[in-house]
Each structure stands twice: as structure tokens, then as C-alpha cells.
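Structural overview
These are the residues of each chain, in order.
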Amino acid sequence: MANEAANAILEEYDSLKTKRATWEDHWRLISLIISPVHNFQGVKSPGAKERQRLYDSTAADAAERLSAALHSLATSASTRWFEMHALDERVDEIPEARLWLREVTNILLRWLGSSASAFNVNIAEVYSDLVNFGTAAMFIKPDIGPNMFVARPLTEIYLKENFDKQVDTVYRTVKLTARQAAQEWGDDAGANVIRMAREGGGKAMQMREYVHAVFPREDRDPDLPNAANMPFASVYVDVDGGAIVSEGGFTDMPYVTPRWRKYTGEIYGRGPGMVALPEALMLNSMQQAVLIAMETSVNPPLQIPHNSFLSPLKVQPGGFNYRAPGSTEKVEPLFVPHELNSAQFQIDKRAENIRQMFFGDLLGLPMMSRMTAEEVSQRRSDRMQLLSPVHFRLESELLSPVVRRTYNMLLRAGRLPELPEELRGEQFDVEYTSPLALAQRASESGNMQRAISMVAPYAQADPGVLQNYDTDYIARKVWNMHNNDPRGLRPEEEVESDRQRQAQQQQAAVDSENAVAASTAVRNASSVLGRVGG
């Protein structure tokens, strides 16, 4: 039975490798021209020189800038890039519920931002793969602990989608020495592997290939809380030995596999690196040709008259050359390349095209004279809105799985505060509040501001116009929309109580003034009557 299961996994593994082969041709070119640090060129030694055939770094620089910008704008450790909310807005407005959700968000952000979790280090690698290849992968370990997040190179990853076009199956190639396999799985690694590990030397260091298959488990008993009945199966198979060496499970998918942009009928994503590849290839060839032409201009091939010199020509600086008696011919360049201005124009044009393909025109803000800080902020926000299709896919395939899995693990580890009564039975939602996310919602805040600005002239003529608006709701909406601390807002009941008290005080003052006026009027009337009677 175990051998049948292992054979089925290996057959599926071979099938997924075949389906991915067409993508690898693109990825090899991208790793050659745009991202040489990634290995799709076969086996290489760690630390090997990378840019031997790269003559232009425009695309590589643009890709690194976009990767860094995504990290800063979407998941920076210095910002609150998400906020937890109750799905029911009425529950979300309850002060006790909001404070609990705020505290839980703080705990999650502290853990994700800590050096122990290694999230920030590995998410940077994920963004790099996304930008260059359009697909990335990160493994999230099942327990809270050091290095919980581990970015995996795309060379190892094979994907499969379910009916809803969501990745629910991941196969990963794992290369281990016999010694490492024996340390990891003990006797389950197999008698042959154990023997090689014990022999030591070259046998112990011999590399072996394994496949880690994670897929939905269809035949399980959800009432049994053990690894063999968890929703996702986790199976390690020895490719060389054709046997299962480890079998377990996960409560949810441990691999996060975001795609930059995906087209119908395709499993793997397409990123800016794939879009910019033709231009990058052309620019690399043009730069190579220009460099050759420049070297030829400085050190051109020479035409030397036959028997005109007494010894081989010395062309180094300060070299002495002796003419043959009676010779008047000179050494001249065979040819000199034409001017390179037109070539440089084409190079600059293609370099700018590449920067735009990596959203360089969006991330860099052209400054205009006399722009206010508000105008700068608004223009930057408007430009970032063009990244909205990418941002929403990142939320769905990268950020939400990370937050959800981290929350579940912290909950199981007992590191979250006790759930308040107001939130029992409620579902939670995650609102992303990074600069990139806020830019996508900036239009809502802007629309409110523009509407109020348009109504202002009418309100000056008739203040009653403002009675059409729920100003309390607008004020709270804008405060929350910009991810401000809910503790900065006073409870609605407290605000209403203050207003009632102020109204009572104002009414008391009015009543007091009326009483004084009435008393004065009575005294005045009495005085007048007295004079008349006298």
C-alpha cells in the first residue's frame, strides 16, 4: 500500500515537472539577463561569479528597486500594514471588541516583525521572485519558533490548482545528503541510506533526491485530531528508492505561492521580468556591440606596410619602432567605427522602456515646483493606484495566508489574549493598511472631501444644508480609513453624554438669564406702579 502511494506521488511529480518545462525556458533567460543570482542554468557552485554575459544592468536594477518598493509599501516592519476587524460592522464598533482586535493585531505584527520569525528577510526574497519570474513560494513552519518563514527557490516548486483555480497542491524537490536524510528521518530513511551515512566519507555526503508533496487529504476522519487526519497531507518520498520516508499533515496549506499576474488556463504567474525580457535581451546585445565599437575606436586594428619596419611593431605607450631604410609608409587604422550617438539614443530609449515595465514611472515621483506636501502625497497615491490589480492578488495569495496561518499558530500556542464575550462566535476579517493598500482606498476619502468642498458655499448661505450629513459617522469613517489608533476616538456614548450635559448647561444658562430678566421686569413694573399710586 505504501509503495502504491509512493508510486502515485512520483507519477504526479513527473507529470508536474513535464507541465512546468515550458516555463523553465523563460525563467532561464530571466535568470541569465535580469536576475543572475537565481539558478535556472543547471548546477553551479555557491558563490560562483554571475554576470559574465551581462553587459547591461538596467533590468536587474529596476527589478531590485521594485522588489524593495513592494517590501516597503506593502509589508514594512515600520508600519501597521494590516488591522484585524470583526466581520459584523456593528460588533466591530463595540469598544471592547475593537481594543481586543487591536491588541491581537499588535501581537501578530510584533511576531512578524521580529528577527526570530525571519519573516522580513524571507518576504524580501518572495518579492524578488515575484517581480522577476511572476511566481514565488514560501514555506511556513507548523509551530511558532525560530525561522518560521522560509522562502523556497522556484526551481524546487511544482504547483497544481483546484477547481476554483486556487493552488491547493505543492510538490517540492528536496536535495539531501545521505547523512542529512538519516538525521532527519532515522531508520525511516531506509536501510541503504542508513548504511551510507554510517560509512561516512563520500558515501555519507552523496546527494539524494526527495519530493515533499502537500495536497488536500480526501479520505480522513475530522474527529481524530492526529497528523494522519489533518486536512492537508504531508508526504516525503525518496525518489531514488521509491518509498515513503515520512507522512504527516497540516491543518492548512503550509506553502504560500503568490502569482504576480495570472492568465486563464495558466498555473504559473507572469511578472514584470517576463514582460521586460525581450527589451532586456535587445539592450544587452546593443550594449555589448557598443562596448566592442568603443574598444575598437580606442584600439583599432592596424594596417602595417610590408617590410617597412625592422622589428615587430610595438604599440604600447612609449614603444620604439625603427623604419627600414627608404621606407616612407605609415601605420594607419584599418577602420574606425562611426559615431555612436544614434546607438546611445536607442539604448537610452530601451532602458527607459524597461524601467517603465518595472513600474519605475510609478514609484519615482516627478517633482514639480511649488508643490505642497498634500499635493505630493496625493500624486504619489494616485500613481500607486495603478498597482491595484497586483495588490489585490498579493492580498489574496500572499498576505492573507500569512496572517491567517500566523494567527492560528499563535492561538494554538496560547499567545493570544482571551476572547471577549462580544466576539464569541464572530468571524474576523483582515483589513490591509499599508501605504500601498491605503492608496487603493484613497479615492473614497477624496470623494468625501470633494463632496464637502462642493457643498461648503451652499452651507454658508444656508447652514441648514449641513443637517443632511451625519458628521459623526463621517469623522469616524475618515479616522478609521487612515488606520489611526481607535483609542484616539472617544466612545459614542461618552460623546453623546457630553453633548447632553452641555445642552443642559446651556439650557440652565438660558433659564437663568430668563429668570434674571423676568425678575428685573417685575421690579421695574413694581417701581412704576408705586410712583403712579403715589
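Residues numbered from 1 in each chain as written. Predicted model: local features only at pLDDT ≥ 70, side-chain atom pairs only at ≥ 80, totals over all residues. Heavy atoms only, no water.

Residues Tyr55, Leu291 and Met294 make up a contiguous nonpolar surface patch of about 270 Å² in total accessible area. Relative to the elements of secondary structure, leucine 291 occurs in helix H9 (residues 272–298). (Patch = residues over 30% accessible without salt bridge, like charges linked within 9 Å, V, L, I, M, F, W, Y side chains within 5 Å. Areas by Shrake-Rupley, 256 points an atom, 1.4 Å probe, with all protein chains shown as cover. Salt bridge = Lys/Arg side-chain N within 4 Å of Asp/Glu carboxyl O. Helix = DSSP H or I, 4+ residues; strand = E, 2+ residues; numbered from the N terminus.)

Moving on: the packing of aromatic side chains. Going through the model one piece at a time under the given rule, you end up with 15 aromatic pairs. Seen in terms of ring centroids, tryptophan 81 and phenylalanine 119 are 6.1 Å apart; in terms of plane orientation they differ by 10°. Their pairing is stacked. With tryptophan 81 in the loop between helix H2 (58–74) and strand S1 (82–86) and phenylalanine 119 in helix H5 (residues 119–133), this pair connects stretches of sequence that are 38 residues apart. Residue classification places tryptophan 81 among the buried positions, given a relative accessible area of 3%. Taking relative accessible area as the criterion, phenylalanine 119 reaches 1% and is therefore assigned buried. Judged by centre distance (6.1 Å) and plane angle (50°), the rings of tryptophan 260 and phenylalanine 359 are tilted. Of this pair, tryptophan 260 sits in the loop between strand S9 (255–256) and H9 while phenylalanine 359 sits in the loop between helix H10 (341–357) and helix H11 (360–363), placing them 99 residues apart in sequence. On the basis of relative accessible area, tryptophan 260 is assigned to the buried category, the value being 3%. Taken together, the ring pairs connect Trp81, Phe82, Phe119 and Phe149 into an aromatic cluster. For arginine 415, the ring lying beneath its charged end belongs to tryptophan 111, and the centroid distance is 5.9 Å. (Phe/Tyr/Trp six-rings, centres within 6.5 Å; stacked < 30°, edge-to-face > 60°. Buried < 20%, exposed > 50% of the residue type's maximum accessible area, 1.4 Å probe, protein only. Lys NZ or Arg CZ within 6 Å of the ring centre and 35° of its normal.)

Below, the discussion takes up helix H7 (residues 191–199). Within the sequence span of H7, burial applies to Val193, Ile194 and Met196. Here the buried residues of H7 occupy an arc of 165° about the axis, which is enough to place them on one side. The outward face of H7, more than 90 degrees from its buried face, is lined by the exposed residues Ala191 and Arg198. Positive backbone phi, approximately 70°, marks glycine 200, located one or two places after H7. (Arc of directions from axis to C-beta.)

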